[in-house]
Structure formats: C-alpha cells, structure tokens
Amino acid sequence: MKAIIARDFAPLDQLVYGDWPEPEAKGNTVVIEAEAIGVNYPDGLLVQGLYQMKPPLPFVPGMEVAGRVIAVGPGVKSVKLGDRVAALSTHGSYAERVGAAEPFVMPLPPDMPAADACALLAGYGTSHYALKQRGELSEGETLCVLGAAGATGIAAIQIGKALGARVIGVASSEEKRRIAAEAGADIALGYDNLKEALKEVTGGKGVDVGFDPVGGETFDVLARSMAWNGRLLVIGFASGAIPQFPVNLALVKGFSVVGVFWGAFTTKEPRVYADNMKELVGWYLAGKVRPVIEGTYPLADAAAVLTRVLGRGASGKLILKP
C-alpha cells in the first residue's frame with residue numbers, strides 16, 4: 001500500500017510517498033480503509049523529531065483516520081467488518097490502510113462525514129479536555145482563545161459556548177477574526193494592543209480561562225490579563241517560541257498555569273477519554289459543535305499540507321485523502 005514515510009527525523013520536504021507494509025489484524029487491532037486522514041500540528045513536530053516522543057525509524061506519521069473496517073483481530077469485540085469508524089493513534093495514519101488498537105476506535109453515526117470525524121479526534125478532543133478537565137470552565141465565565149481560527153481554536157470557541165462561557169477569540173487577520181466570529185466567538189480581537197483590549201472587554205476583571213496554543217510573546221500578554229482564580233491553559237507553541245513564565249505573576253494575580261497534554265491523557269485515562277468523545281459526538285449531532293473543514297488534499301501532498309499547518313497558514317481543519 002501507499003503511505004507517507006519518515007525515514008529519518010528531518011525537514012518536512014524529506015517525507016517520502018512510497019510503499020509500506022500492510023497493517024495486520026492481530027490481537028485487538030482493527031484495520032481501517034482510510035476515507036479521510038486528519039492533519040495536525042504535532043504530526044509535523046513528530047516528523048522533525050521535535051515532539052515529546054520519538055517513534056522508531058522509519059515510521060508513518062499521522063494520528064487520525066476515518067473509514068471502513070476491513071479486518072479485525074481475534075480479540076476485537078466492539079466493531080465488525082464493514083463498520084465506519086474513526087481511530088486515534090500516536091502515528092501510522094498517513095496511509096491507505098491503518099491499523100489501530102480497539103480502545104481508540106470509535107464507531108461513527110451513519111451520516112457523519114469522515115472528515116468531520118477526524119476533526120473531532122485530536123482538535124476537538126484536545127480543546128474539550130483542556131476546557132472541561134484542565135480548565136474546569138464554568139457557565140458565565142470568560143474564555144479567551146488564542147489562535148482562534150485554527151482547527152483547535154475553532155473547537156475551543158464552540159466547546160466554550162457549549163459550556164456556557166462568554167468567548168473572546170484572538171486571531172491575526174480580519175479574515176481569521178471573521179472565521180472566529182462565525183464559529184461562535186462573542187468578541188473577535190487582533191494581537192495588536194491585546195492587553196489593553198482584554199482589559200476593556202472584561203471591564204478590568206480579566207480572563208477566567210486562557211486557551212493558548214500559540215506561546216511566544218502572546219503568552220506573556222495573556223498571563224498579564226488573567227483574572228483572580230483564573231486558569232491559563234498551555235496547549236502548545238505554534239509560534240515556535242516557548243515562553244519563559246515569570247512565576248511572580250501567578251502569585252500576585254492568583255491564577256494557575258495548567259499544562260494540557262491530550263495525547264498522554266488518552267492513554268492514562270482511557271475511560272474519561274471515551275466519555276469525552278461520547279459527549280463530543282452528542283454535541284455534534286445536536287449541532288452544538290461543527291468542524292470547519294478548510295480543504296481536502298491528496299495523501300501524496302502531505303508534506304506541503306503539513307508545511308501550511310506549521311506555518312499557521314490554515315484556517316480550520318485540513319484533510320488528506322488516499
């Protein structure tokens with residue numbers, strides 16, 4: 001079968017579209033014929049050896065796939081041949097056929113598009129875990145979402161509204177701010193003079209929950225804009241710069257800085273992860289969350305698509321298709 005192959009930890013343009021062994025249905029493995037493959041920021045970090053974990057070389061990147069079950073291992077109980085499913089893994093999904101462990105395989109509602117199913121996994125899964133378990137976002141609180149037009153940012157806006165929060169979306173251009181507003185943000189701001197703008201729109205109170213997948217200088221701005229008892233969520237560093245946090249701010253302003261590592265959460269707390277996904281699917285069916293799919297591209301173009309994602313050039317979710 002064809003797949004995207006990382007032969008070494010190297011720049012994205014070193015990825016190879018070539019032949020790769022077929023996955024085997026052993027133990028609790030489910031083999032899926034891919035209809036859609038999700039593209040995520042961590043995929044690009046993994047390829048370059050910049051992520052928190054490093055798989056053995058060579059490897060196939062990709063953590064999300066949706067499609068139809070074509071084989072099941074002898075230990076599989078919850079899905080059967082022909083079922084449409086979505087699946088999560090640390091890597092291996094940039095391929096025509098993907099093997100996934102049964103606990104991370106989710107049956108799909110009949111009418112859910114495969115692209116939407118991929119979006120609900122890492123992007124919405126991260127934002128849901130961040131806001132529900134880590135941020136404990138409550139109805140009536142103010143949520144500020146940086147990178148608000150990205151796939152994870154759009155998810156955070158929609159989930160924030162589903163949880164009853166007032167949502168401020170922050171994005172770099174007028175077009176991206178329009179996307180954030182369409183996703184449900186009550187207020188859409190730019191990064192210029194952000195500290196003053198946040199002070200104004202919160203009436204000087206500050207932000208109850210800050211959602212930061214960007215890092216860099218903007219993290220410092222958000223840290224200085226937190227409310228008493230606030231929770232500043234560290235999601236990632238899309239700006240490429242890991243900020244240095246002045247811990248005296250947490251003391252003086254009385255807020256918490258909370259790390260969000262969704263990948264580790266899915267393996268350390270699989271039952272909570274499964275409950276989260278059930279809630280997300282329920283919200284999707286009720287129309288409370290709706291992924292924004294910017295575009296679908298050939299699997300062979302994975303390197304170029306990943307380059308766009310790492311360059312923060314995408315608005316919404318990007319999908320690969322074999």
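Residues numbered from 1 in each chain as written. Predicted model: local features only at pLDDT ≥ 70, side-chain atom pairs only at ≥ 80, totals over all residues. Heavy atoms only, no water.

Caption draft 1: Highlighting the nonpolar core. Counting 53 residues, the largest nonpolar core has Tyr124, Leu131, Leu143, Phe211 and Leu233 as its most contacted members. Those elements that place two or more of their residues in this core are strand E5 (84-88), helix H2 (114-134), strand E8 (142-145), helix H3 (151-162), helix H4 (174-183), strand E11 (207-212), helix H8 (262-268) and helix H9 (270-285). Per-element tally for this core: the top contributor is H2, with 12 residues. Apart from the residues lying within four places of it in its own chain, the contact partners of leucine 131 are Glu136, Leu137, Leu143, Ala156, Ile159, Gly160, Leu163, Val209, Phe211 and Leu233. Counting residues in hydrophobic clusters, the runner-up holds 35 residues, among them Leu15, Ala87, Val105 and Val305. (Core = buried A, V, L, I, M, F, W, Y, C linked by side-chain atoms within 4.5 Å. Buried < 20%, exposed > 50% of the residue type's maximum accessible area, 1.4 Å probe, protein only. Helix = DSSP H or I, 4+ residues; strand = E, 2+ residues; numbered from the N terminus. Contact = heavy atoms within 4.5 Å.)

Caption draft 2: Representation of the pairing of E5. Counted residue by residue, E5 has 5 buried out of 5 residues, so it is predominantly covered. Along E5, one buried face is formed by Arg84, Ala86 and Leu88 and the opposite face, lined by Val85 and Ala87, is buried too.

Caption draft 3: Just unusual backbone geometry, in detail. The amide bond that connects leucine 57 to the next residue, proline 58, takes the cis arrangement and shows omega of -15°. On the secondary structure map, proline 58 appears in the loop between helix H1 (41-47) and strand E4 (64-72). Although it is not a glycine, glutamate 136 adopts a positive phi angle of roughly 50°. By the element assignment, glutamate 136 lies in the loop between H2 and E8. A relative accessible area of 56% places glutamate 136 in the exposed class. A positive phi angle, close to 50°, is found at asparagine 193, a residue other than glycine.

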